[in-house]
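Fold and geometry: a report
Here is what each chain is made of, one letter per residue.
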Amino acid sequence: MFFINIPFTIIAIGLIIFFTNESYDSTISKRVDFAGVLLLSVALFLLTFGLLRGNDYGWSSGTIAILFLGAFISLMLFIVVEMKSTAPMIEFHLFREWTFTASSVVYLFSGFGIIATSLIFNFFLQNVLGDHPLQASFIVMMTSLTVIIAMPLGNVISARFGFRPVTFLGLVIMGIALLWLSTLTVDTSRLTMIMYMILFGAGFGFSCLSMVSAIKHLPEEKSGIGSGVSNAARQIGTCVAIALLVSILDLQISHAKVAIKQEITHTIKQLAVTPSVKQLALRDLDQITAHSGTKAQARYEHKMKDDLRHALTHSSDAPRPADQKLAGIYDGTRDMQKELHAYNKFMNDYVHGVDQTLFTMIRNDPMAKQIAKVYQKQLDLAISDEQVVKGTAKEQHHQQVIELTGMLRLYEAGTDPAVTNANQFAAKLQQIAHQDKNNANIVQAGQQLSAAGNKLEQGGTQLRVGVARGAQAEALQRTLKQVKDIKNDKIAGAFDRVFLIAGLILLISSVIGLFTDKSNGMKKGGEIPIDGILRNKI
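What counts and how
Residue numbers restart at each chain and count upward from 1, following the sequence in its written direction. Reporting in this predicted model follows two pLDDT cut-offs: at least 70 for local features of residues, and 80 or more for side-chain atom pairs to be given and counted; totals over whole chains, interfaces and linings ignore these cut-offs and use all residues. Excluded from the side-chain calculation are hydrogens and water; included are all heavy atoms of the structure. Per the convention used, a helix needs a DSSP run of H or I reaching at least four residues, while a strand needs a run of E reaching at least two, with both numbered from the N terminus. A simple rule labels every residue: compare its accessible area, found with a 1.4 Å probe on the protein chains alone, to the largest value its type can have, and call it buried under 20%, exposed over 50%, or partly exposed in between. Pairs of residues are marked as contacts when any of their non-hydrogen atoms sit within 4.5 Å. Think of a nonpolar core as a cluster: buried Ala, Val, Leu, Ile, Met, Phe, Trp, Tyr and Cys residues, connected wherever their side-chain atoms sit within 4.5 Å. pLDDT measures the predictor's confidence residue by residue and takes values from 0 up to 100. Axis angles are defined between N-to-C directions and span 0 to 180 degrees, where every axis is a line fitted to C-alpha atoms and, for a helix, only to the segment in contact. Roughly parallel refers to an angle under 35 degrees, roughly antiparallel to one over 145, roughly perpendicular to one between 65 and 115, and oblique to any angle outside these ranges. The handedness criterion is simple: a crossing whose near helix is rotated anticlockwise from the far helix by less than a right angle is left-handed, and one whose near helix is rotated clockwise is right-handed. Throughout this entry, Asp, Glu, Lys and Arg are counted as charged residues, while Ala, Val, Leu, Ile, Met, Phe, Trp, Tyr, Cys and Pro are counted as nonpolar. The remaining residues, Gly among them, count as polar. Residues with no salt bridge and a relative accessible area higher than 30% make up the patches, which join like charges within 9 Å and nonpolar side chains (Val, Leu, Ile, Met, Phe, Trp, Tyr) within 5 Å. Residue-level accessible areas treat just the shown protein chains as cover; the underlying method is Shrake-Rupley with a 1.4 Å probe. Definition used for salt bridges: Asp or Glu carboxyl oxygen within 4 Å of a side-chain nitrogen of Lys or Arg. Only rings of Phe, Tyr and Trp enter the pairing, Trp through its six-membered ring, and a pair is recorded when the two centres are within 6.5 Å. The plane angle decides the type: under 30 degrees is stacked, over 60 is edge-to-face, the rest tilted.

The next thing to look at is the overall build of the protein chain. A count of helices and strands for the protein chain gives 17 helices and zero strands. Per-residue burial over the protein chain gives 41% buried out of 538 residues. Once local pairs closer than 6 in sequence are excluded, the contacts in the protein chain between residues at least 24 apart make up 78%.

Take a look at the structure:
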């Protein structure tokens, strides 16, 4: 991707060779100011590191205090060294020219502002919205495309009205664009985002003319060093912006994560679901909030959905739904289950009573074995008659065979020496009936009726649990959407506060733009014409 810069670099080199006039300053030494370079580098390093690590170490910690104190001392030493050096890195007497000073400061804030869109906003697109870097670049690049138009337009305006209104409006427009950007949400349309970038690009293009106004009133031989200082100011602004805005963003996201966890935890605890499902949701929530990065959080969010789905499927608990309609169905199935349970208990007692009565009656009848033999003879005769008759008579004889078989099996089981109680009596008849369906009997029919009651009761339980699970699944679905909305709102709010702070800084500093075309008369060596400045800046 970086190879795309190569052709543009080649074009820029060609333009410099053929269209740029070199300027020389014969009043300065060619020696390198190593002391100045070292002190300024140390000051910027300590300041940047302190801003970046303030959240980690704590803003009131001794480490951060030492870093900021070291940055201040290094900067003061740098100024002292430069003031006394015969070959200074920066000629501080140039700052007596207010146009140069104000323009350099404006350019510094321009570099500060560009980080809000090129870094912070780009981070939002890729890490919050999950855009591909190429997709994000198509939106952010609108700033650069607008600058191509805004800078020539600003030059035309400044040629007629001066640089002050242009650079002033530049910072104001940038500030307004960032304030507008502070209304950003995850649902903001891509077209609106492009409008953010176009407005910001217009302001940035205007404010960048401060690099031209910076050297407008300097002596011509000082235009080189003046331009260098102005561009260095922009780089310093960019460096400080990266450290400061990233640090603020990190702090805001940390606060957002805490708020997200608290709000989502409260939401989950209010859910009408089983305690086990709540505990599982809270456990997975801890994993989600403990990890940063879009991919990691998306992975744990997917895991949370799978865990909750599995927990609902295998949960035997069935709390009453909060939804009124589902609660009505739930109450109905619960009442039906109670009735089925009572009916099933009655049926079991009835079947057991019948079994006990039949067993006692047969076992205590001294003629039971003789009665069994009579039933056997009658059964044999009925079977013989069934084989010879036809039509309706055959059906009547078949029904008689079934009845006699049932009575015979009752007496056989009741007179079996191995059967000593009613439960064994019922089990024996069940076994006979299972071996041959033609051996149906009243006891086996009673057992079937009791089993049917059990199935009805189980069905009522399953229906009630199914209604409860459906209600829990619906509640969880709503909660997961709330979790997503809460997370998106809090994270977007963290970014919005960074854009708001950056926008306010630019609006407050915009007043400096009113001094970017005012000279104190420092024109030794001649004032540089605007067309000459632009020619040297192509």
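What follows continues from the structure just given.
Membership of the largest hydrophobic core comes to 66 residues, with the highest contact counts inside it found for Phe121 and Leu245. Sorting elements by how many residues they give to this core places helix α16 (residues 442-509) first, with twelve residues. Setting aside residues no more than four positions away along its own chain, phenylalanine 121 makes contact with Ala116, Ile139, Val140, Leu181, Leu184, Met193, Met197 and Phe499.

Take the confidence of the model for the protein chain next. When pLDDT is averaged across the protein chain, the result is 79; 78% of the residues are at 70 or more. Across residues 520-538, confidence stays below pLDDT 50; counting only partners more than four residues off in sequence or on other chains, it has 45 contacts.

Turning to the packing of helix α2 (residues 34-57) against helix α3 (residues 62-84), a few remarks are in order. In helix packing, the relevant descriptors are the interaxial angle and the interaxial distance, both defined with respect to the helix axes. Viewed as axis vectors pointing N to C, α2 and α3 meet at an angle of 160 degrees, and their least axial separation amounts to 8 Å. As summarised for this structure, α2 and α3 are arranged roughly antiparallel, according to the angle between their axes. Here the hand of the crossing between α2 and α3 comes out left-handed. In terms of residue class, the contact of α2 with α3 is made up of 18 nonpolar, six polar and two charged.

Let us now look at a nonpolar patch on the surface. The grouping of Leu69, Phe72, Ile73, Leu75, Met76, Leu77, Ile79 and Met83 at the surface amounts to a nonpolar patch, some 720 Å² of accessible area in total. Of note, phenylalanine 72 is situated in helix α3.

On to the packing of aromatic side chains, then. Across all of its chains, the model carries nine aromatic pairs by this definition. For the ring pair phenylalanine 78 and phenylalanine 92, a centre distance of 6.1 Å and an interplane angle of 65 degrees mean the geometry is edge-to-face. Of the two residues, phenylalanine 78 is situated in helix α3 and phenylalanine 92 in the loop between α3 and α4 (98-128); the sequence distance between them amounts to 14 residues. On the accessibility criterion, phenylalanine 78 (3% relative accessible area) is buried.

Turning next to the environment of isoleucine 73. Tracing the chain through its elements places isoleucine 73 in helix α3. On the basis of relative accessibility, which here comes to 42%, the residue isoleucine 73 falls in the partly exposed class. Residues isoleucine 73 and valine 42 lie 31 residues apart in sequence; the distance between their C-alpha atoms is 9.9 Å.

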